[in-house]
Amino acid sequence: MVQARNITKSFQTQVVLRGVDLTVEKGDVVAILGPSGSGKTTLLRCLNFLETADGGTLEFDGETFQRGHVSKRDIARLRKKTAFVFQNYNLFSNKTALQNVTEGLIIGRKMHKAQALEIGRRALDKVGLSDRYDYYPHQLSGGQQQRVGIARALATDPEIIYFDEPTSALDPELIGEVLAVMKQLAEEGMTMLVVTHEMSFARNVSNKVIFMEDGQVLEEGSSREFFAHPSQERTRAFLRTLSGER
Amino acid sequence: MSERLLEIIVDSFTKILIPGIKVTIPLTILSFSFAMVIAVIVAMIQFAQIRVLKQICRFYIWVVRGTPLLVQLYVIFYGLPNLGIIIDPFPCAVLVFSINEGAYCAETMRAALESVPRGQIEAGYCVGMSYLQIMRRIVLPQAFRTAFPPLSNSLISMVKDTSLAANITVVEMFMATQRIVARTYEPLALYIEVGLIYLLFCTVLTGLQHMGERRLNVAEERRKDPWYRHVISLNRFRRR
């Protein structure tokens, strides 16, 4: 469903992505792992044109987006099929939880208000926030805010949800509630591409793992294979440090 | 206090207040409204980084902020007739005050726009909104909330600045007072009197500002946040 080929990206003199390939099939839950600064987040942002890649092609749903030949309208159309969950939630601070979820439907997609509210409530119910419809972001905990972020992503009925380190900004005791929601989505067959540092998620929920370092994909494979028999020495070292830490 | 002085003060009160209501207040409201329109447009152009227009906006702000308001009034009112452009005193005052205040408020608005986290704009794109929709629904409402206290400051400041319009023959409160002084030779009492009327106007505006802030939830939300409490206490010393 998503096929990226040879994506490159530099910021000023720093090369962040050195030709990355990536394939996500419908129903896949792909975890992107790797040390900080390896380009994981930039890759994710390039897939949704939050950053413009310097080179490479992106195929989404059979439609090809070639660097330099993408119009604003193409980008808008692509974005309407995808959703994004941010590390810092990025909720609209002047809107309630429910308005955060319905804004993109009512304004972006011109949906009828009643229908949007119905969808919005259902999305918030799903992430366990039925009692927080009318709370503003600053009245919610980090975990609750991130669940609103996920509800906002769900409400637009996307074909894929991109998660950019969704639990990295959370207090340890709040991580569980967010991961539980993500796990539930994965079980329901949602296609997800998740940049994460949560090894338990990569191991137990995702079916595919991509390991990146220094702007390149070092290793990729099924998550069972990846954790049981990592082929690269660098991957083994990475996994060892992590297991040492925990 | 002599009986004569008392009589002058009481007599002149309505004679000063009426030009205040008929001239000073409309002049302030009109000029500030136009200034806000200018400010929002100029701030949005800079925020959106529109190339050539942005340079023009920077130039406008540079010139207006770098020259005295009184000089601007004189150039437009006494200078432009040399080029055959003659504008009546009141419209001329509105024009100059709008342009002048617009430049200051544009900077306030720009700072407020930039204070809205960029991530919210990205989130807006990701849920399928266009740039203008994001500005209208997400960024501007938050920016106005942030800009409300400093903009109130500018408005209060402007009420007093309108007294400069006396220099271009607009008969507002100050000019009315000068005329009474010329007749009665009681400058001390009368200038204090007009000062008190300005004070009255500004007190009303300050009250409105507090009501507005409560309405916008600004006060309440920020009282909880120690950082903002710090910022607000600093701002108290920064009033123009």
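For every chain, the first residue of the written sequence is number 1, and numbering continues from 1 along that sequence. Each chain is given a letter, starting from A, and each ligand a number, starting from 1, according to the order in which they appear as written. Thresholds applied to this predicted model are a pLDDT of at least 70 for local features of residues and 80 or more for the giving and counting of side-chain atom pairs; totals over whole chains, interfaces and linings are not thresholded and use all residues. For the side-chain quantities, the full set of heavy atoms in the structure was used; hydrogens and water were omitted.

Caption draft 1: Region of the structure containing the interface of chain A and chain B. Contact between two residues is taken to exist if any of their heavy atoms lie within 4.5 Å; hydrogens are not considered. Across the contact, 23 residues belong to chain A and 17 residues belong to chain B. Summed over both partners, the accessible area (1.4 Å probe) lost when two parts come together is defined as the buried area. Carbon and sulfur atoms supply 57% of the area that chain A and chain B bury against each other, a total of about 1700 Å² over both sides. By the criterion of area lost to chain B, the three top residues of chain A are Phe-92, Asn-94 and Ile-107 of chain A, representing 28% of everything that side buries. When a carboxyl oxygen of Asp or Glu lies within 4 Å of a side-chain nitrogen of Lys or Arg, that pair is called a salt bridge. On the surface where chain A and chain B come into contact, there are two salt bridges. Salt-bridge contacts for Glu-103 of chain A lead to Arg-137 of chain B; the nearest nitrogen and oxygen are separated by 2.6 Å. What qualifies as a polar contact is a pair of N or O atoms within 3.5 Å, subject to a donor-acceptor requirement within protein and to the restriction that residues adjacent in sequence count only when both atoms come from side chains. On inspection of chain A and its partner chain B, the count reaches ten residue pairs in polar contact (both at pLDDT 80 or more). Counting only elements with at least two residues in the side of chain A that touches chain B, the list comes to helix H2 (72-81), strand S6 (82-85) and helix H3 (97-108) of chain A. A helix here means a DSSP run of H or I that spans at least four residues, while a strand means a run of E at least two residues long, and both kinds are numbered starting from the N terminus. Residue contributions to the side of chain A that touches chain B peak at four residues, all from H3 of chain A. Here the term charged refers only to Asp, Glu, Lys and Arg, the term nonpolar to Ala, Val, Leu, Ile, Met, Phe, Trp, Tyr, Cys and Pro, and the term polar to all other amino acids, Gly among them. Grouping the constituent residues of the side of chain A that touches chain B by class yields six nonpolar, nine polar and eight charged.

Caption draft 2: Here's a closer look at the packing of aromatic side chains. Aromatic rings from Phe, Tyr and Trp, taking only the six-membered ring of Trp, are treated as a pair when their centres fall within 6.5 Å; an angle between ring planes under 30 degrees marks them as stacked, one over 60 as edge-to-face, and anything in between as tilted. Counted according to the given criterion, the structure contains ten aromatic pairs over all chains. Ring centres 6.4 Å apart and planes at 35 degrees place the aromatic pair Phe-211 of chain A and Phe-226 of chain A in the tilted group. Highlighted residues: Phe-211 of chain A in strand S9 (residues 208-213) and Phe-226 of chain A in helix H8 (residues 223-228), separated in sequence by 15 residues. Centroid distance Phe-174 of chain B to Tyr-191 of chain B: 5.8 Å. Interplanar angle 25 degrees. Geometry classified as stacked. Of this pair, Phe-174 of chain B sits in helix H7 (residues 173-184) while Tyr-191 of chain B sits in helix H8 (residues 187-215); the two residues are 17 residues apart in sequence, bridging distant segments of the chain.

Caption draft 3: Geometry of the environment of Arg-240 of chain A. Residues and elements named next belong to chain A. Along the chain, Arg-240 falls in helix H9 (residues 233-245). Separated by 61 residues in sequence, Arg-240 and Leu-179 have C-alpha atoms that sit 23 Å apart. Here the side chain of Arg-240 touches Glu-233 through a polar contact of 3.5 Å, side chain to side chain.

Caption draft 4: Broad picture of the sheet that holds strand S5 (residues 63-66) of chain A. Residues and elements named next belong to chain A. When DSSP locates at least two bridges between a pair of strands, those strands are taken to pair. Within the open sheet, the four strands sit side by side as S2-S1-S4-S5. Their pairing is antiparallel. The open sheet has two free edges, formed respectively by strand S2 (14-24) and S5, since each of these has just one partner strand. Neighbour-to-neighbour, the strand axes of this sheet turn through a mean angle of 20 degrees, independent of strand direction. For strand S4 (residues 55-60) and S5, the ladder comprises four bridges, and the chain directions are antiparallel. Pairing of Glu-59 across the sheet is with Thr-64, part of S5. Taken strand by strand, helix H1 (residues 40-47) contacts strand S1 (2-11), S2 and S4, and its axis lies near 60 degrees from that of S2. As a rule, the C-alpha atoms of each element are fitted with a line to give its axis, helices using only the stretch in contact, and angles between N-to-C directions run from 0 to 180 degrees.

Caption draft 5: View of the nonpolar core. For our purposes a nonpolar core is just a set of buried Ala, Val, Leu, Ile, Met, Phe, Trp, Tyr and Cys residues, chained together by side-chain atoms within 4.5 Å. Burial classes: relative accessible area under 20% of the type maximum marks a residue as buried, over 50% as exposed, and values in between as partly exposed (1.4 Å probe, protein chains only). Counting 79 residues, the largest nonpolar core has Leu-22, Tyr-162 and Leu-193 of chain A as its most contacted members. In terms of residue count, the dominant contributor to this core is helix H4 (residues 89-115) of chain B (eleven residues). Aside from chain neighbours lying at most four places away, what touches Leu-22 of chain A is Val-2, Gln-3, Ala-4, Arg-5, Ile-32, Leu-43, Leu-47, Leu-193 and Ile-210 of chain A. Grouped together as the second largest cluster of nonpolar side chains are 39 residues, Ala-83, Val-181, Ala-186 and Val-205 of chain A included.

Caption draft 6: Structural view of unusual backbone geometry. Residue and element names in this part refer to chain A. Not every positive phi belongs to a glycine, and Tyr-89 is a case in point at roughly 65 degrees. By the element assignment, Tyr-89 lies in the loop between S6 and H3. One non-glycine residue with positive phi stands out, namely Lys-110, at about 55 degrees. With respect to the helices and strands, the residue Lys-110 is situated in the loop between H3 and helix H4 (113-126).

Caption draft 7: Looking closely at the sheet that holds strand S8 (residues 192-195) of chain A. Residue and element names in this part refer to chain A. Pairing is mixed across the open sheet formed by six strands, whose spatial order is S6-S7-S8-S3-S9-S10. The open sheet terminates on both sides in strands that have one partner only, identified here as S6 and strand S10 (216-222). Sheet twist, expressed as the average angle between the axes of neighbouring strands with direction ignored, equals 15 degrees. Note that S9 and S10 share six bridges and pair antiparallel. Looking across to S10, one finds that Phe-211 is bridged to Glu-219.

Caption draft 8: Here's a closer look at the confidence of the model for chain B. Residue and element names in this part refer to chain B. Per-residue confidence for chain B averages 91 on the pLDDT scale, and 90% of its residues sit at or above 70. Note on scores: pLDDT gives the predictor's confidence for each residue, bounded by 0 and 100. Across residues 228-232, where pLDDT falls below 50, the model places three contacts with residues more than four positions away in sequence or in other chains. Our summary of model confidence lists the complex with pTM equal to 0.86 and ipTM equal to 0.93.

Caption draft 9: Region of the structure containing a nonpolar patch on the surface. Residues form patches when they are more than 30% accessible in relative terms and have no salt bridge. Like charges link within 9 Å. Nonpolar side chains (Val, Leu, Ile, Met, Phe, Trp, Tyr) link within 5 Å. A 1.4 Å probe and the Shrake-Rupley method give the accessible areas. Residues count as covered only by the protein chains that appear here. On the surface, Ile-50, Val-52, Leu-53 and Ile-56 of chain B cluster together into a nonpolar patch covering about 360 Å² of accessible area. In this structure, Val-52 of chain B sits in helix H2 (residues 51-66).

Caption draft 10: Local environment of the layout of surface pockets. Of the grid points, spaced at 1 Å and generated over the protein atoms alone, those admitting a 1.4 Å probe that cannot get out make up cavities, while open sets with protein on both sides within 12 Å along at least five of seven lines make up pockets; any residue with an atom within 4 Å of a point is treated as lining. Grid points are joined across faces, edges and corners, and a volume is the space filled by probe spheres set on the points. For the second largest pocket, the calculated volume is near 950 Å³. Contributing elements (two or more residues each) for the lining of the second largest pocket: H1, S4, S5 and H2 of chain A together with helix H5 (118-126) and helix H6 (131-161) of chain B. The element that contributes the greatest number of residues to the lining of the second largest pocket is H2 of chain A, accounting for five residues. Along the lines of polarity and charge, the residues of the lining of the second largest pocket split into 17 nonpolar, twelve polar and seven charged.

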